[in-house]
Amino acid sequence: MSTGEEDIFFPGELATLQNKAYTEKLIAAIQVLIDTDFNRLIQILYNVDIEEKQLKENLAKQAPQQAATIIAGMLIARQIQKIHTREKFKTDNHDSAEERW
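What you are looking at is a predicted structure, and each value in this text was computed from that prediction instead of being measured. (Residues numbered from 1 in each chain as written. Predicted model: local features only at pLDDT ≥ 70, side-chain atom pairs only at ≥ 80, totals over all residues. Heavy atoms only, no water.)

Student: Explain the overall build of the protein to me, please; I cannot follow it from the model alone.
Tutor: Looking only at helices and strands, the protein has seven helices and zero strands in total. Counting helices and strands in the order they occur from the N terminus, the protein gives α-α-α-α-α-α-α. Within the protein, buried positions represent 31% of all 101 residues. Of all intrachain contacts in the protein linking residues separated by at least 6 positions in sequence, the fraction that spans at least 24 positions is 62%. Here the protein displays about 7300 Å² of accessible surface, and carbon together with sulfur accounts for 51% of that area. (Helix = DSSP H or I, 4+ residues; strand = E, 2+ residues; numbered from the N terminus. Buried < 20%, exposed > 50% of the residue type's maximum accessible area, 1.4 Å probe, protein only. Contact = heavy atoms within 4.5 Å. Areas by Shrake-Rupley, 256 points an atom, 1.4 Å probe, with all protein chains shown as cover.)

Student: Teacher, can you tell me more about the layout of surface pockets here?
Tutor: Considering only enclosed or pocket space, the largest pocket measures out at about 280 Å³ in volume. Breaking the lining of the largest pocket down by element, the ones donating at least two residues are helix 4 (38-48), helix 5 (52-60) and helix 6 (67-91). The greatest single-element share of the lining of the largest pocket, amounting to five residues, is contributed by helix 4. Residue composition of the lining of the largest pocket, grouped by class: 11 nonpolar, no polar and three charged. (1 Å grid on protein atoms, 1.4 Å probe; cavity = no way out; pocket = protein on both sides within 12 Å on 5 of 7 lines; lining within 4 Å. Points joined across faces, edges and corners; volume = space filled by probe spheres on them. Nonpolar A, V, L, I, M, F, W, Y, C, P; charged D, E, K, R; others polar.)

Student: Hey, could you run me through the nonpolar core in this one?
Tutor: If you look at soluble globular proteins, the nonpolar side chains tend to sit buried side by side. Ranked by internal contacts, the top residues of the largest apolar core, which has 22 residues, are F9, L26, I30, L45, I50, I71 and L75. Contributions of two or more residues to this core are made by helix 3 (20-36), helix 4 and helix 6. With nine residues, the single largest contributor to this core is helix 6. (Core = buried A, V, L, I, M, F, W, Y, C linked by side-chain atoms within 4.5 Å.)

Student: Explanation requested: the pattern of salt bridges in the structure shown.
Tutor: Pairing between side chains of opposite charge can happen when their charged atoms approach one another. According to the stated counting rule, one finds two salt bridges in the structure shown. In this structure, the salt-bridge partner of R78 is D49, at a minimum N-O distance of 3.0 Å. Highlighted residues: R78 in helix 6 and D49 in the loop between helix 4 and helix 5, separated in sequence by 29 residues. Overall, D49 belongs to the partly exposed group, its relative accessible area being 47%. E52 is the partner of K56 in a salt bridge, and the nearest nitrogen-oxygen pair spans 3.0 Å. Residue K56 and its partner E52 are located together in helix 5, separated by four residues, close to a single helical turn. Just as K56 is exposed, E52 falls in that class too. (Salt bridge = Lys/Arg side-chain N within 4 Å of Asp/Glu carboxyl O.)

So this is what it looks like as structure tokens:
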């Protein structure tokens, strides 16, 4: 995976995920993968942990031309969920080193 691909599909900051310009770049990158390397897109969705059943349901509700936009929305939502989960567990304070283990 190239560094640029990591940056676009796996950003680590909430501000990036909520940026409209990022969303547009992500939609464009997904569309390229739909058109040229669908297997790579599937691999990325698996790595990000996008639920296949939910993806299929969401895609079935919309026109095929909206696929990249739907996938981008799901990727962003999942990454935001992961960031919130990390923050929650990072800020949990424990009284002793033994409890942290």
